[in-house]
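Given next are the chains, with one letter for each unit.
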Amino acid sequence: MAFIRRNALDLLLWALFAASALLMLKSSSDPRPDFIKGTPIEALLKPFPTGNQVTFDITVGIIVSLFVYLLVVRLPEWQKKGRLKAHLLRRYDDLKEQCLMHFLWACSQPAESTLIDSLKNQKEFRDFFNASVAPDQDRWHQVLNGLTDEYVRSIVRELDSFRGEVDFVLTSVDVSDEEAFRLLRNLTEVLQRSRHWSDREDQLKPLSQFMWSIFAGWSIISGYTDRDVIHDMITAI
């Protein structure tokens, strides 16, 4: 419910600012601009019969206080959120690079930087790893067969490190997007379980499903979406 309270507070502050600005203009003793004469705005900004100076002073104080709050509280918060979001996006990109490197090694392919960059694209990833390399075997099956315990442990370490980064962001900033917050919490739970993945056949299945959903854009509900859900969750923070 924190995001609801924060959004309600923002709306209240904007409403207070708008009302204060209107009252400040309405109670000002300065002559009205010529271009509003004879318009509905002139009637709206017509001064009160009495108490204009008091109203003007109060509204100016409110507007100044709102500006101070914006500069001292909200602006640093927005900057902090922007820094953490950019950092998490970089860490997510690093995670994808490390995983792709181990996938390529597992299927005896050179882990060239240009190839790794191209495989970050979901369509390129699907085309590359769906390619047939033997009768009844595509390159992704070759990857799973070649994932040694060392490769899996390296991938698990990267996933666990990324989980720590996600947890840190979730405890450091207020994620106002409810869906993004829920999906990020679900992601940390999946990453927590990934610490027990190994090269055993029963553990390779969840590893394969999770990796294919990330890199190929696969959803058990809607199929291939061509949408990087984790990237979208981070940008929605």
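Look up: the structure comes first, before these words.
Residues numbered from 1 in each chain as written. Predicted model: local features only at pLDDT ≥ 70, side-chain atom pairs only at ≥ 80, totals over all residues. Heavy atoms only, no water.

Take unusual backbone geometry next. At D136, a residue that is not glycine, the phi angle is positive and equals roughly 65 degrees. For D136, the location among the structural elements is in the loop between β1 (132–134) and β2 (137–138). Phi at D226 takes a positive value of approximately 55 degrees, unusual for a residue other than glycine. Following the sequence through the fold, D226 ends up in the loop between β4 (223–224) and α10 (229–235). A relative accessible area of 53% means that D226 is categorised as exposed. (Helix = DSSP H or I, 4+ residues; strand = E, 2+ residues; numbered from the N terminus. Buried < 20%, exposed > 50% of the residue type's maximum accessible area, 1.4 Å probe, protein only.)

What follows is about the packing of aromatic side chains. Applying the stated rule across the entire model yields 15 aromatic pairs. Geometrically, the ring pair formed by F125 and F129 is tilted, given 4.6 Å between the ring centres and 45 degrees between the ring planes. Of this pair, F125 and F129 both sit in helix α5 (residues 122–129), 4 residues apart, which is roughly one turn of that helix. F129 gets classed as buried once you look at its relative accessible area, which sits at 0%. (Phe/Tyr/Trp six-rings, centres within 6.5 Å; stacked < 30°, edge-to-face > 60°.)

Given 3.6 residues to a turn, an α-helix orients residues that are three or four positions apart in the same direction. Buried residues of α5: Q122, F125, R126, F128 and F129, and no others. Looking down the long axis of α5, one finds its buried residues gathered within 170 degrees of arc, a one-sided arrangement. The N-terminus of α5 is capped by N121, whose side-chain oxygen sits 3.0 Å from the backbone nitrogen of K123. (Arc of directions from axis to C-beta. Polar contact = N/O pair within 3.5 Å; in protein donor to acceptor, adjacent residues only side chain to side chain.)

Let us look at helix α7 (residues 149–172). Here α7 is 24 residues long and its end C-alpha atoms lie 34 Å apart, about the 34 Å a rise of 1.5 Å per residue gives. Among the residues making up α7, those that are buried are V152, S154, I155, V156, L159, F162, R163, E165, V166, V169 and L170. (Expected span 1.5 Å × (residues − 1).)

Its volume calculated, the largest pocket comes out at about 910 Å³. As for the largest pocket, its lining consists of 26 residues, and the residues nearest its centre are F210, S213, W218, S219 and I220. Looking at the lining of the largest pocket element by element, the count peaks at 7 residues for helix α9 (residues 201–216). The computed volume of the second largest pocket comes to approximately 250 Å³. If you go around the second largest pocket, the residues you meet are D10, L13, W14, F17, L66, F67, Y69, L70, R74 and W78. Elements with a minimum of two residues in the lining of the second largest pocket: α1 (2–27) and α3 (52–106). Per-element accounting of the lining of the second largest pocket gives the leading share, 6 residues, to α3. Across the lining of the second largest pocket, the residue classes break down as 8 nonpolar, no polar and 2 charged. (1 Å grid on protein atoms, 1.4 Å probe; cavity = no way out; pocket = protein on both sides within 12 Å on 5 of 7 lines; lining within 4 Å. Points joined across faces, edges and corners; volume = space filled by probe spheres on them. Nonpolar A, V, L, I, M, F, W, Y, C, P; charged D, E, K, R; others polar.)

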